[in-house]
Amino acid sequence: MPSTTEESIRLLGNESPKQSRDIEIGDTNPLLLKVGASVEKSQGRCRDAVAKALLGGRNPQFASDAELALRASFFVVVLGLPFLIPRDEWPTLDFVMKNGMYTVSVVTFFIYNLYKTTGETIMNVTCGFRGTLLAVSNMWMMYFFFPDGVTETSHGCVFWIGLANGIVFITMMLSLNFQISTVIFAVSNATGFWMAFLQPGPTSFACPFTQDFQALGNVGVNSLITVAAGGFLCIMVTFLPYPRWALYNARDTAEELIHCMPALWKSLSQHFFEPAPNSYSADKILRRMRRLAKMVTTLEGAIANSWYECFGSSRRHQIRRVLNALDKMIHENYDRIYSTCNAITGATEWSPLHAEMMRLLKPSLMKAITEAEVLLQVCFRSSLDGQLSEVECVAIQKMSASLRQAEGELTEAFREARDQVVKATDEAKKNQECMEALLLEHMFALNFAGFVRLVLGFADDLVQQRRDPEHFPRVTERPTISSLWDRTVVMDPMHLNWVARACLSIFTGFAIGYFGFMDLFNSFDASIATTASVLLSKFIGSAMVKNLGRVQGVVLGTVVGQIAHATLGSCEAWSIGALALVLFFYSCITLFTYYSSTDYAYLACLLAAFGGSGMLSGGCGTHSLDKGASYDAILSTVCAISLIVVYDILLPSGRASDMAHKALKGSMETLQRALGMHFDPAVECVHF
């Protein structure tokens, strides 16, 4: 007679509509998935070939980041070609560039907003376009009422109304609960438009509802075209040569997690079966726990970013619901396995009764782990397309029954083993001896039983989801308009402190740029305020380190870019090819660091953006360095960063160590309340 596991596999394997998800029966552990294997075979051979060429078998994360860096660098060169080739060769291209519809800002926007998945890129582009549109719309409104802006002959109230409008707009953008990318693009564009409005003289800004409006050369229209073009190219790059779906990334991560969870329980069991604690196996388990912790934190973000990839598809939304339920189950199990791992690997010796106890438990425990692993794999494989067939439901139900039976056998085996190893006849002495000699064993059994119940609960929910498509709750979608004035965020002291520091930095930089300062800063120059806007960040930690990284990124990027352009800036074919090659390799190095590093990502992004724009600025045939403009740009950046540092010191949000202590204290208080509720007979359910 075939076992329940084999019968479930046979039922799934013979289902013709889903042959792409057939499960091999010939393996010793047929449903055991290999770490890092692709969930979707339909993603094509191209992805597998690229991953293999980039050593994806040894380090999948390196291969993914390197592939994205190569992809992005290639398209940086493609986007930069119009600035490398001689002018007057392509009349249409010259017309577009001369009227400001295609500038180096397209390449800069591309570098800032392209990220690891299609969903993240679409989100970044959406935020950038939304912020730019808000800034342009606000200034179009001002030019509707005051078509000429501030002039030498205009009434004095025009200046004050323009000044008040800029202050109110920037303060509102910083105060409301917008995404940080939207705030950066809105405020950085608004400062430039604001300065142009307040500067007496002719302006190239006009409202579309006025007679003087011309689309060609209009600053507002050009800004929107730049963002739209850069955003469209960003999104297209994530599809070529194959899509980088966040949903597939979430599936791959979930696949690895449902393999790692039972495997880690198995490793803990094998470590626990040893006659004495083994430091080598304990270290191996701790390394796997660190890997598991990293994956657990990435799954939720991948599921959230995949919303931008659904495009109204109900099937994709159903997949997201299933993955979200799986993510919650994994988080709950992670808490159990984390505490178990720390307790077991931290033990220096076992109790005298340990060896006999675990010897009696081993067969039942290993069977339960295997059944839980198989059920998880069956559930995951069956839910890949967002729906369950009748055959898959039958397979899941049979595997659930098998796991429940294994759990019952383990429970009975634990009771019998405990009664056998504990010799005391008096019930009180027996309980005391169990708590003293078998505390670790009880803790392990309790947490493993919790893991089994979580797996069974997920399987039952999956079957229920087939009957009721709304059984799994909706995944948290994009922020609604009402969330902009969410009082928990808007009135938070930390947020208000950040708003005050950001406003003071931007307005002080704007005042310096408006009036000028000796020979250092020209009047009516918004570069200081714009730079302070671009460098907005809610970073918690050492602000000095962050700001020094900003200086390094801007200065080094500007210098390297201009040296490369001055050296290889001729219009000859070899020079164009050499500069394109330098741009490609420079972008590869900086963008790979941006995508793969945690500590140097921000620095690498600035290096890529400023270095790339420096190589493309000026066009071919200009070997001379514009040292004056470079010095002004660096000086504005240093001034903006200095203002940020000064106001961070004057209005500190708090030391990082104090924030960490406060967070730790809050978490301990939460645990204390939860434990009090846990031992309170009147409380039936505890959530924390």
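What you are looking at is a predicted structure, and each value in this text was computed from that prediction instead of being measured.

Peer 1: Hey, could you go over the overall build of the chain for me, with residue numbers and the actual values?
Peer 2: Each helix and strand counted, the chain has 24 helices and zero strands in total. Out of the 688 residues in the chain, the part that is buried amounts to 47%. Here the contacts in the chain between residues at least 6 apart in sequence split such that 80% fall between residues at least 24 apart. Roughly 34,400 Å² of accessible area belongs to the chain as shown, and the carbon and sulfur atoms make up 62% of that amount.

Peer 1: Give me a nonpolar patch on the surface: which residues, what numbers.
Peer 2: A grouping of Met141, Phe144, Phe145 and Phe209 is seen on the molecular surface, where their side chains present a nonpolar patch of about 480 Å² in accessible area. Within the secondary structure layout, Phe144 lies in helix α6 (residues 118-145). By relative accessible area, which is 41% here, Phe144 ends up partly exposed.

Peer 1: Tell me about the nonpolar core, residues and numbers included.
Peer 2: If you look at the biggest cluster of nonpolar residues, it comprises 77 residues, and the most contacted ones within it are Leu292, Ile330, Leu375, Ile396, Phe448, Phe451 and Phe458. Those elements that provide at least two residues to this core are α10 (246-273), α11 (279-305), α12 (314-345), α13 (354-382), α14 (390-421) and α16 (439-467). Take this core: its biggest share by element is 13 residues, from α13. Residues in contact with Ile396, not counting those within four places in the same chain, are Leu375, Val378, Cys379, Ser382, Leu388, Ala459, Leu462 and Val463.

Peer 1: Kindly report on the packing of aromatic side chains, identifying the contributing residues and their values.
Peer 2: For any pair of aromatic rings, the description consists of the separation of the ring centres together with the inter-plane angle of the planes. Taken as a whole and assessed by the stated rule, the structure comprises 26 aromatic pairs. Ring geometry for Trp194 against Phe510: centres 3.9 Å apart, planes inclined by 15 degrees, an arrangement best described as stacked. Linking Trp194 in helix α8 (residues 180-198) with Phe510 in helix α18 (residues 493-515), this pair joins segments that are 316 residues apart in sequence. Ring pairs connect the aromatic residues Trp265, Phe272, Trp350, Phe444, Phe448 and Phe451, which therefore count as one cluster. Here the guanidinium or amino end of Arg71 rests over the ring plane of Tyr242, the centre of that ring lying 5.0 Å away. Above the ring of Trp245, the side-chain terminus of Arg316 is found at 4.6 Å from the ring centroid.

Peer 1: Run through the environment of Phe451, naming residues and quoting values.
Peer 2: Relative to the helices and strands, Phe451 resides in helix α16. Phe451 sits 115 residues away from Arg336 along the chain, and the two C-alpha atoms are 7.5 Å apart. What Phe451 contacts, discounting residues up to four positions off in sequence, is Met261, Pro262, Trp265, Asn333, Arg336, Ala372 and Leu376.

Peer 1: Please provide a residue-by-residue account of the environment of Gly457, values included.
Peer 2: Its place among the elements puts Gly457 in helix α16. Judged by its relative accessible area of 26%, Gly457 falls in the partly exposed class. Distance from Gly457 to Ser400, taken between C-alpha atoms, is 9.4 Å for residues 57 residues apart in sequence.

Peer 1: Residues and numbers for the pattern of salt bridges, please.
Peer 2: In this structure the tally under the stated criterion is ten salt bridges. Between Glu356 and Arg359 there is a salt bridge whose closest N-O contact spans 2.6 Å. Of the two residues, Glu356 and Arg359 both sit in helix α13, three residues apart, roughly one turn of that helix. Assessed through its relative accessible area of 30%, Glu356 is described here as partly exposed. For Asp460, the salt bridge is made with Arg404, and the minimal N-O distance between the two is 2.7 Å. Pair noted here: Asp460 is in helix α16 and Arg404 is in helix α14, with a separation of 56 residues, a long-range link.

Peer 1: Residue-level account of the side chain of Arg244, with values.
Peer 2: Looking at the element boundaries, Arg244 is found in the loop between α9 (219-237) and α10. When its relative accessible area of 9% is taken as the criterion, Arg244 is described as buried. There is a polar contact of 3.0 Å between the side chain of Arg244 and the side chain of Ser64. Excluding its chain neighbours within four sequence positions, the residues that come into contact with Arg244 are Ser64, Glu67, Leu68, Arg71, Lys116, Thr117, Thr118, Thr238 and Glu309.

Peer 1: Provide a residue-level description of the packing of α10 against α11, including the pertinent values.
Peer 2: Running from amino to carboxyl end, α10 crosses α11 at an angle of 155 degrees, the nearest separation of the two axes being 9 Å. The orientation of α10 with respect to α11, classified from their angle, is roughly antiparallel. Judged by the twist between their axes, the crossing of α10 over α11 is left-handed.

Peer 1: An account of unusual backbone geometry is needed here, citing residue identities and associated values.
Peer 2: The linkage connecting Leu240 with the following residue, Pro241, adopts the cis geometry, with an omega of 0 degrees. Relative to the elements of secondary structure, Pro241 occurs in the loop between α9 and α10. You will see that Phe524, though not glycine, has its phi angle at about 60 degrees, which is positive. Tracing the sequence through the fold places Phe524 in the loop between α18 and α19 (527-534).

Peer 1: Describe in detail the state of the cysteines, supporting the description with residues and values.
Peer 2: This structure, assessed with the given rule, holds zero disulfides. Considering cysteine sulfurs only, Cys379 is the nearest to Cys393, which forms no disulfide, with 9.9 Å between them. The class of Cys393 is buried, set by a relative accessible area of 5%.

Peer 1: Tell me about the side chain of Asn189, and name the residues and values.
Peer 2: Within the fold, Asn189 resides in helix α8. A polar atom in the side chain of Asn189 sits 2.6 Å from the backbone oxygen of Phe185. Discounting residues that sit within four places of it in the chain, Asn189 has contacts with Thr132, Ala135 and Ser223.

Peer 1: Would you mind going over α11 in detail, with residue names and values included?
Peer 2: With 27 residues, α11 extends 40 Å from end C-alpha to end C-alpha; this agrees with the ideal 39 Å at 1.5 Å per step. Those residues of α11 lying buried are Ser281, Ala282, Ile285, Met289, Leu292, Met295, Val296, Leu299, Ala302, Ile303 and Asn305. Looking at the buried side of α11, the elements it contacts are α6, α10 and α12. For α11, the N-terminal cap is Asn278; the gap from its side-chain oxygen to the backbone nitrogen of Tyr280 is 2.9 Å.

Cut-offs used in this document
- Residues numbered from 1 in each chain as written.
- Predicted model: local features only at pLDDT ≥ 70, side-chain atom pairs only at ≥ 80, totals over all residues.
- Heavy atoms only, no water.
- Helix = DSSP H or I, 4+ residues; strand = E, 2+ residues; numbered from the N terminus.
- Buried < 20%, exposed > 50% of the residue type's maximum accessible area, 1.4 Å probe, protein only.
- Contact = heavy atoms within 4.5 Å.
- Areas by Shrake-Rupley, 256 points an atom, 1.4 Å probe, with all protein chains shown as cover.
- Patch = residues over 30% accessible without salt bridge, like charges linked within 9 Å, V, L, I, M, F, W, Y side chains within 5 Å.
- Salt bridge = Lys/Arg side-chain N within 4 Å of Asp/Glu carboxyl O.
- Core = buried A, V, L, I, M, F, W, Y, C linked by side-chain atoms within 4.5 Å.
- Phe/Tyr/Trp six-rings, centres within 6.5 Å; stacked < 30°, edge-to-face > 60°.
- Lys NZ or Arg CZ within 6 Å of the ring centre and 35° of its normal.
- Polar contact = N/O pair within 3.5 Å; in protein donor to acceptor, adjacent residues only side chain to side chain.
- Axes fitted to C-alpha atoms, helices over the stretch in contact; angles between N-to-C directions.
- Parallel < 35°, antiparallel > 145°, perpendicular 65-115°, else oblique.
- Left-handed = near helix turned anticlockwise from the far one by under 90°.
- Disulfide = S-S within 2.5 Å.
- Expected span 1.5 Å × (residues − 1).

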